[in-house]
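Residue-level listing of the chains:
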Amino acid sequence: MSDHSSSGRPSTMAITVGLFLLALNLRPALGAVSPVLNDIQGSLNLSDSAVSLLTTLPVVCLGVFAAVSPALSRRLGTPVALVLGFVLLIAGILIRLETAAWAMFLGTALAGAGLAIGNVLMPAVIKSAFPDRVRLYTGIATAALSAGAALSAGIAVPLRDSVGGWSNSLALWALPAAVGLLVWLPLSKRSSRPAAAAAPTGDKGSLLGDAMAWQVTGYLALRALAYFTALGWLPTVLVDFGYSNSSAGAMLSLAMLISVPGALVAPVLVGRSGTAPIVTVIAVAGAASLLGLLFLPGAAVLWVALLGLTLGAGHAMALTFIGLRSENPQTAAQLSGMVQTIGYLVGGIAGPLLLGLLHGATDSWTVSLVLLAVFTLPELVFGLCSSRNRFVRARRTARRPAAAPAPTPGPALVD
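All values derive from a computational prediction rather than experimental measurement.

Helix and strand counts for the chain stand at 18 helices and 0 strands. Put simply, 84% of the contacts in the chain that link residues at least 6 apart link residues at least 24 apart.

Attention now moves to the environment of Trp-365. For Trp-365, the position within the fold is in the loop between α16 (329-362) and α17 (366-374). Judged by relative accessible area, which is 4%, Trp-365 ranks as buried. On a C-alpha basis, the gap between Trp-365 and Asp-240 in space is 8.8 Å, while along the polypeptide they are 125 residues apart. Polar contacts involving the side chain of Trp-365 include one to the side chain of His-359, which spans 3.5 Å.

This part takes up the packing of aromatic side chains. Two aromatic rings are characterised by how far apart their centres lie and by the angle between their planes. In this structure the tally under the stated criterion is 5 aromatic pairs. Each ring, one from Phe-130 and one from Tyr-137, has its centre 3.7 Å from the other, and the planes form 0 degrees; the classification is stacked. Each member of the pair, Phe-130 together with Tyr-137, is buried. Each ring, one from Tyr-219 and one from Phe-321, has its centre 5.5 Å from the other, and the planes form 90 degrees; the classification is edge-to-face.

Attention shifts here to unusual backbone geometry. Even without a glycine there, the phi angle at Asn-45 is positive, about 55 degrees. Residue position: Asn-45 is located in the loop between α3 (37-44) and α4 (48-66). Despite not being glycine, Asp-363 shows a phi value in the positive range, around 55 degrees. Position of Asp-363 among the secondary structure elements: in the loop between α16 and α17. Judged by its relative accessible area of 67%, Asp-363 is exposed.

Okay, the pattern of salt bridges next. Applying the stated criterion across every chain, the model contains 5 salt bridges. A salt bridge links Arg-160 to Asp-161, with the shortest nitrogen-to-oxygen separation between them at 2.9 Å. We classify Asp-161 as exposed; its relative accessible area is 53%. Between Glu-379 and Arg-223 there is a salt bridge, with its nearest N and O atoms 2.9 Å apart. One end of the pair, Glu-379, is in helix α18 (residues 376-386); the other, Arg-223, is in helix α12 (residues 211-240), and 156 residues separate them in sequence.

Here we take up the nonpolar core. Within soluble globular proteins, side chains that are nonpolar tend to cluster in buried spots. Counting residues in hydrophobic clusters, the biggest one holds 112 residues, and the most contacted among them are Leu-19, Ile-40, Met-104, Met-122, Trp-184, Leu-238 and Met-317. Those residues in contact with Ile-40, other than ones at most four positions away along the chain, are Val-33, Leu-46, Leu-54, Met-104, Trp-166 and Leu-170.

What follows deals with helix α7 (residues 101-129). Structurally, the α-helix is built with 3.6 residues per turn, so residues lying three or four positions apart point the same way. With 29 residues, α7 extends 41 Å from end C-alpha to end C-alpha; this agrees with the ideal 42 Å at 1.5 Å per step. Of all the bends found along α7, the most pronounced is centred on Leu-121 and spans about 35 degrees, while Pro-123, a proline, follows it within four residues. When you tally the buried positions in α7, you get 23 out of 29 residues, the bulk of the element.

Close contact between α12 and α16 brings their axes to 7 Å; oriented N to C, the two are set at 35 degrees. Handedness of the crossing formed by α12 with α16: right-handed.

As a packed pair, α4 and α7 sit with axes 7 Å apart at the nearest point and diverge in direction by 30 degrees. With respect to each other, α4 and α7 are oriented roughly parallel. As for the relative orientation of α4 and α7, their crossing is right-handed in sense. Along the contact surface, α4 presents Ala-50, Leu-53, Leu-54, Leu-57, Pro-58, Cys-61, Leu-62, Phe-65 and Ala-66, while α7 presents Met-104, Phe-105, Thr-108, Ala-109, Gly-112, Ala-113, Leu-115, Ala-116, Asn-119 and Val-120. Its residues assigned to classes, the contact of α4 with α7 shows 16 nonpolar, 3 polar and no charged.

Attention shifts here to the environment of Leu-380. Considering the arrangement of structural elements, one finds Leu-380 in helix α18. Between the C-alpha atoms of Leu-380 and Thr-280, which are 100 residues apart in sequence, the distance is 6.1 Å.

The next point concerns the confidence of the model for the chain. Atom-level detail of predicted coordinates should not be read off regions where pLDDT is low. Mean pLDDT over the chain works out to 85, with 89% of the residues at or above the 70 mark. Long-range and interchain partners of residues 192-203, a stretch whose pLDDT sits below 50, account for 32 contacts in this model, where long-range means more than four residues apart.

Quick look at a nonpolar patch on the surface now. A contiguous nonpolar patch, built from Leu-291, Phe-295, Leu-296, Val-370, Val-374 and Leu-377 and spanning about 550 Å² of accessible area, is present on the exposed surface. Secondary-structure elements contributing two or more residues to the nonpolar patch are α14 (275-295) and α17. One can find Val-374 in helix α17. We classify Val-374 as partly exposed; its relative accessible area is 41%.

Time to look at the environment of Thr-16. Take Thr-16: it is sitting in helix α1 (residues 12-24). In this structure, the C-alpha to C-alpha distance between Thr-16 and Phe-130, residues 114 residues apart in sequence, is 9.5 Å. Apart from the residues within four sequence positions on either side, Thr-16 is in contact with Phe-130 and Tyr-137.

This part takes up the side chain of Ser-326. For Ser-326, the position within the fold is in the loop between α15 (300-324) and α16. The class for Ser-326 is buried, based on a relative accessible area of 0%. Within polar-contact distance, the side chain of Ser-326 engages the backbone oxygen of Ile-322 at 2.6 Å. Ser-326 has contacts with Lys-127, Thr-331, Ala-332, Leu-335 and Phe-391, leaving out every residue within four places of it along the chain.

In this fold, Asp-210 is placed in the loop between α11 (195-198) and α12. In this structure the side chain of Asp-210 is engaged in a polar contact, spanning 2.9 Å, whose partner is the backbone nitrogen of Ala-213. Among residues more than four places away in sequence, those in contact with Asp-210 are Arg-390, Val-392 and Arg-393.

Conventions adopted
Residues numbered from 1 in each chain as written. Predicted model: local features only at pLDDT ≥ 70, side-chain atom pairs only at ≥ 80, totals over all residues. Heavy atoms only, no water. Helix = DSSP H or I, 4+ residues; strand = E, 2+ residues; numbered from the N terminus. Contact = heavy atoms within 4.5 Å. Buried < 20%, exposed > 50% of the residue type's maximum accessible area, 1.4 Å probe, protein only. Polar contact = N/O pair within 3.5 Å; in protein donor to acceptor, adjacent residues only side chain to side chain. Phe/Tyr/Trp six-rings, centres within 6.5 Å; stacked < 30°, edge-to-face > 60°. Salt bridge = Lys/Arg side-chain N within 4 Å of Asp/Glu carboxyl O. Core = buried A, V, L, I, M, F, W, Y, C linked by side-chain atoms within 4.5 Å. Expected span 1.5 Å × (residues − 1). Bend = angle between axes of the 7 residues up to and from the residue. Axes fitted to C-alpha atoms, helices over the stretch in contact; angles between N-to-C directions. Left-handed = near helix turned anticlockwise from the far one by under 90°. Parallel < 35°, antiparallel > 145°, perpendicular 65-115°, else oblique. Nonpolar A, V, L, I, M, F, W, Y, C, P; charged D, E, K, R; others polar. pLDDT = per-residue confidence, 0-100. Patch = residues over 30% accessible without salt bridge, like charges linked within 9 Å, V, L, I, M, F, W, Y side chains within 5 Å. Areas by Shrake-Rupley, 256 points an atom, 1.4 Å probe, with all protein chains shown as cover.

In structure tokens form, the structure reads like this:
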């Protein structure tokens with residue numbers, strides 16, 4: 001099957017494959033580290049503070065580099081910017097083959113930069129290529145993202161044992177990234193154009209003055225808080241509740257695995273019931289899973305499975321809001337940059353840090369889990385506000401440009 005239609009534009013199949021590979025590669029480079037973190041610490045003689053910095057660095061990179069990704073998209077075109085993201089990701093992964101502390105930190109930072117570009121521009125790709133099927137393709141992409149996270153965490157230890165150590169096992173994740181790069185290279189040659197020529201009508205101002213943009217940002221920030229606190233602290237919570245280390249690790253993998261159908265189904269259901277009922281169910285189920293884990297820890301498998309569903313569904317809804325509340329692909333990239341910069345820096349860092357501080361101060365998980373359950377209330381408010389049927393609007397600082405044309409139907413990547 002040809003990668004391009006008769007008009008010279010990339011085919012729907014080519015972009016679908018590219019989108020799937022993009023999403024699939026957005027977590028393994030980071031998710032494969034956590035299960036072998038003790039090996040890395042011992043091999044590189046890292047202090048506990050250095051390990052904490054290493055685990056925080058990816059989230060910082062996701063937030064910081066998300067801020068510059070929309071500008072890259074405007075200047076280079078979205079497909080070329082994604083190619084750059086893949087190059088940074090592969091370089092970061094391979095640098096970690098050098099078993100030295102500097103290589104581990106530099107490689108993680110480069111990989112985080114590449115992942116940030118992909119994170120931010122994925123909603124823009126969906127909005128550009130599939131403007132009438134944003135919910136469906138967001139679900140597919142988020143499910144692929146969750147599958148990559150679950151797979152990398154689940155096979156990290158067996159992979160380490162079979163390929164001769166943690167550095168080799170981490171380096172193998174450059175292979176699927178290389179496949180993604182090979183798919184996006186021809187897409188970038190056919191569909192990318194400089195921003196000045198290709199998108200003179202895109203929003204030039206800032207979204208910081210738009211209430212809807214902040215509401216979508218608040219929703220993703222609280223979903224990021226839930227995701228990263230679960231990823232960082234769930235095994236420790238379960239061990240403190242009497243489960244073995246292996247059982248706790250298996251249940252974390254279960255949560256990541258079950259997040260896949262949650263991510264796939266939630267955006268599809270939006271087409272039948274709207275976004276408001278879905279975000280309500282996610283908030284209620286999230287609170288129930290946390291309180292159930294606290295008060296009925298003997299049924300942890302049930303609560304962890306429910307938590308996993310909300311993690312996948314909630315992240316999918318946050319990305320769905322980016323597409324639904326953006327009028328065109330350029331605005332989608334701009335909104336995605338704002339949402340993910342603030343969301344990851346606030347939710348991804350503050351959440352795990354706050355939970356750790358509360359546990360240290362109280363020597364109990366009660367306050368921490370109750371507080372996480374309480375956070376589902378503002379999450380629900382942000383979700384309901386984001387469910388209003390309107391587009392975000394940039395506050396322009398220059399002369400108002402001409403009205404933007406309607407999005408091009410079909411799989412044309414318009415930059």
